[in-house]
Amino acid sequence: MIPAIVLAAGKSSRMGRPKALLPLDDRDTFLSRIVRTLREAGVGDVVVVVGHDAHAIVASFAEVELEARFVENADYEQGQLSSLLAGLQVIDRPGVVATLVTLVDVPLISAATVRAVVERYRQSGAPIVRPVRGEEHGHPVLIDRSLFDAIRRADPAVGAKPIIRAHVSPAGDVAVGDPGAFADADTPDEYERLRRR
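To start, this report covers the structure provided alongside it. (Residues numbered from 1 in each chain as written. Predicted model: local features only at pLDDT ≥ 70, side-chain atom pairs only at ≥ 80, totals over all residues. Heavy atoms only, no water.)

## Section: the overall build of the protein
In step 1: Scanning the protein for helices and strands turns up seven helices and eight strands.
In step 2: The globule rule puts the C-alpha radius of gyration for 197 residues at 16 Å, and the 16 Å found for the protein is close to it.
In step 3: Considered along the principal axes of its C-alpha atoms, the protein spans approximately 40 × 35 × 30 Å.
In step 4: The burial tally for the protein puts 52% of its 197 residues in the buried class.
In step 5: Of all intrachain contacts in the protein linking residues separated by at least 6 positions in sequence, the fraction that spans at least 24 positions is 71%.
In step 6: Counting every atom, the protein has about 9600 Å² of accessible surface; 48% of that belongs to carbon and sulfur. (Helix = DSSP H or I, 4+ residues; strand = E, 2+ residues; numbered from the N terminus. Rg over C-alpha atoms; globule rule 2.2 N^0.38 Å. Buried < 20%, exposed > 50% of the residue type's maximum accessible area, 1.4 Å probe, protein only. Contact = heavy atoms within 4.5 Å. Areas by Shrake-Rupley, 256 points an atom, 1.4 Å probe, with all protein chains shown as cover.)

Put into structure tokens, the structure is as follows:
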């Protein structure tokens, strides 16, 4: 089993409103698009970590016909690692071999990219699998269960990035032609550019 964790707990201070609630089109917000994509890719368990504006995000998601579990991270102001740990606590159970992790501000990932990441993991067993485009790396990032404890012991000041960087490998890098895997939106201008795609 490879569940997914969507990190959606931050304050979105540069955007000025919760990124999870931003509309992409007549059907989807950032969050509903990500969950829809993960489901289309065959991910059976999607956990969304919320924090700031948690009630509004959960209420908005309840209006769409998609299934996801929500966990509230009361410590979201401590940084992204605290949200990843909250997600791991929910998904880590017998039978789980790895987790997919993505950010709510990267909503245009394709289902094909998600499937490619999972397939590369199944073929290679690499501890970190991620989509790449040249020197860029995108989302989702697959983290093998063998690294869960290291992430739990990570320094909150630096987060999980050093652990991920220490375990990337050519075997785990999947070249994809999906611009959505690399397109995030942190500001209103970036949001408008992303919507135009």
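Don't stop here, the text continues.
## Topic: the nonpolar core
In step 1: Membership of the largest hydrophobic core comes to 70 residues, with the highest contact counts inside it found for Leu-31, Val-48, Leu-100, Leu-142 and Ile-143.
In step 2: Ignoring anything within four residues of it in the chain, the contact list for Ile-143 reads Ala-98, Thr-99, Val-101, Pro-127, Ile-128, Phe-148, Ile-151 and Ile-164. (Core = buried A, V, L, I, M, F, W, Y, C linked by side-chain atoms within 4.5 Å.)

## Considerations on the pairing of strand β4 (residues 98–103)
In step 1: Burial within β4 is extensive, with six of its six residues counted as buried.
In step 2: Here β4 shows no split at all, with Ala-98, Leu-100 and Thr-102 on one side and Thr-99, Val-101 and Leu-103 on the other all buried.
In step 3: As paired elements, strand β1 (residues 4–8) and β4 share four bridges and run parallel to each other. Opposite Ile-5, over in β4, you have Val-101 as the bridge partner. (Pairing = 2+ DSSP bridges.)

## Focus on the pairing of strand β3 (residues 69–72)
In step 1: As paired strands, strand β2 (residues 46–50) and β3 are joined by four bridges and run parallel to one another. Each bridged residue has a counterpart across the sheet, and for Val-49 the counterpart in β3 is Val-71.

## With respect to the packing of aromatic side chains
In step 1: For the coordinates displayed, the defined rule picks out two aromatic pairs.
In step 2: When the ring of Phe-30 is compared with that of Tyr-191, the centres are 5.8 Å apart and the planes differ by 65 degrees; the resulting orientation is edge-to-face. Taken together, the positions of Phe-30 in helix α1 (residues 30–40) and Tyr-191 in helix α7 (residues 188–196) put the pair 161 residues apart, joining distant regions of the chain.
In step 3: Look at Phe-30 and you get buried, because its relative accessible area is 0%. (Phe/Tyr/Trp six-rings, centres within 6.5 Å; stacked < 30°, edge-to-face > 60°.)

## A closer look at the packing of α1 against helix α4 (residues 111–124)
In step 1: Between α1 and α4, whose axes approach to 8 Å, the crossing angle comes to 55 degrees. Comparing their axes, α4 and α1 come out oblique. Our pair here, α1 against α4, has a crossing hand that is right-handed. Every residue of α4 that contacts α1 at Thr-37, Leu-38 and Glu-40 is listed here: Ala-111, Val-114 and Arg-115. (Axes fitted to C-alpha atoms, helices over the stretch in contact; angles between N-to-C directions. Parallel < 35°, antiparallel > 145°, perpendicular 65-115°, else oblique. Left-handed = near helix turned anticlockwise from the far one by under 90°.)

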